[in-house]
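# Structural features, examined
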Amino acid sequence: MTDSPDRDERHLARMLRKKAVIDERIANSPNECGLLLVLTGNGKGKSSSAFGMLARSMGHGMQCGVVQFIKGRHSTGEELFFRRFPEQVRFHVMGEGFTWETQDRQRDIAAAEAAWQVSRELLRDPSIGLVVLDELNIALKHGYLDLDQVLSDLQARPPMQHVVVTGRGAKPEMIELADTVTEMGVIKHAFQAGIKAQKGVEL
């Protein structure tokens, strides 16, 4: 495709119009508050996105907390990394492995309930700017926790605290409560070609 002065002028005109629209939207959105973000869907990247926000928050000097539901049987790269900053991140791995590994529903319920108690402590602490509740959606999907209690605790958190909830199968009530919801879709995944989870990518 060749460039031309006319094409450059059309591009400039489009960008000027777009900038005006975006500037107006920014001007009409002056409010600041703690956000509830839900990352769900069957695609890869939910936890990765949450931990990206964790790193971003730390870069701004915020105190943060992480509670990992379900996960816990094996160490992950994010756990190994963020545990290097205990003065800024409270990192709690509370699961005992994926449900197909534990095969014990009562044990999974007990682990989820213990994880939620830790989560409630973080959600009640106004000094914590960001809380990541990794795989909480899975615990709710399997009925390990009382959904109404979880939603109530999320609503009662400090007004400027951000919360990121991950896991496939987000409940409609969680989606309704959230400020931002992203659904990760699957187009292609290496596991489907017989490639196991790789350090630095999945682990």
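Residues numbered from 1 in each chain as written. Predicted model: local features only at pLDDT ≥ 70, side-chain atom pairs only at ≥ 80, totals over all residues. Heavy atoms only, no water.

Per an unreviewed UniProt entry, the recorded name for the protein chain is Corrinoid adenosyltransferase, and the organism is Pseudomonas fluorescens. Its UniProt record, at the heading Sequence similarities (unreviewed entry), says of the protein chain: "Belongs to the Cob(I)alamin adenosyltransferase family." Under the UniProt heading Pathway (unreviewed entry), the note attached to the protein chain is "Cofactor biosynthesis; adenosylcobalamin biosynthesis; adenosylcobalamin from cob(II)yrinate a,c-diamide: step 2/7." (UniProt positions renumbered as here; feature names shortened; annotations may be inferred.)

Per the secondary structure count, the protein chain includes eight helices and six strands. Secondary structure of the protein chain in N-to-C order comes out as α-β-α-β-α-β-α-α-β-α-α-β-α-β. Burial statistics for the protein chain: of 203 residues in total, 39% are counted as buried. Carbon together with sulfur atoms contributes 52% to the accessible area of the protein chain, which is approximately 12,500 Å² in total. (Helix = DSSP H or I, 4+ residues; strand = E, 2+ residues; numbered from the N terminus. Buried < 20%, exposed > 50% of the residue type's maximum accessible area, 1.4 Å probe, protein only. Areas by Shrake-Rupley, 256 points an atom, 1.4 Å probe, with all protein chains shown as cover.)

On to the packing of aromatic side chains, then. Within the structure shown, the criterion is met by five aromatic pairs. An aromatic cluster of three or more residues is present, and its members are F51, F81, F82, F85 and F91. (Phe/Tyr/Trp six-rings, centres within 6.5 Å; stacked < 30°, edge-to-face > 60°.)

What follows covers helix α2 (residues 46-59). Taking 1.5 Å of rise per residue, 14 residues should cover 20 Å, and α2 covers 20 Å from first to last C-alpha, within 8% of that figure. Buried within α2 we find K46, S47, A50, F51, M53, L54, S57 and M58. Here the buried residues of α2 occupy an arc of 150° about the axis, which is enough to place them on one side. Facing away from the buried side of α2 by more than 90 degrees, the exposed set consists of R56 and G59. Here the buried face of α2 lies against β1 (36-40), β2 (63-68), α3 (77-82), β3 (89-93), β4 (128-134) and β5 (162-166). (Expected span 1.5 Å × (residues − 1). Arc of directions from axis to C-beta. Contact = heavy atoms within 4.5 Å.)

So, about the sheet that holds β1. An order of β3-β2-β4-β5-β1-β6 is seen for the six strands of this open sheet, with the pairing classed as parallel. This sheet does not close on itself; its edge strands, each paired only once, are β3 and β6 (180-183). Strand-to-strand twist across the sheet, computed as the mean angle between neighbouring axes with direction ignored, equals 10°. Helix-sheet contacts for helix α5 (residues 105-123) involve β2, β3, β4 and β5, and the interaxial angle to β2 is about 165°. (Pairing = 2+ DSSP bridges. Axes fitted to C-alpha atoms, helices over the stretch in contact; angles between N-to-C directions.)

Turning to the pattern of salt bridges, a few remarks are in order. Tallied over the entire structure, the rule returns three salt bridges. Measuring nitrogen to oxygen at the nearest pair gives 2.9 Å for the salt bridge that ties D125 to R90. Linking D125 in the loop between α5 and β4 with R90 in strand β3, this pair joins segments that are 35 residues apart in sequence. A salt bridge links D153 to R120; its shortest N-O distance comes to 3.0 Å. In this pair, D153 sits in helix α7 (residues 147-155) while R120 sits in helix α5, placing the two residues 33 residues apart along the sequence. Classification of D153 by relative accessible area gives buried; the value is 11%. Overall, R120 belongs to the buried group, its relative accessible area being 18%. (Salt bridge = Lys/Arg side-chain N within 4 Å of Asp/Glu carboxyl O.)

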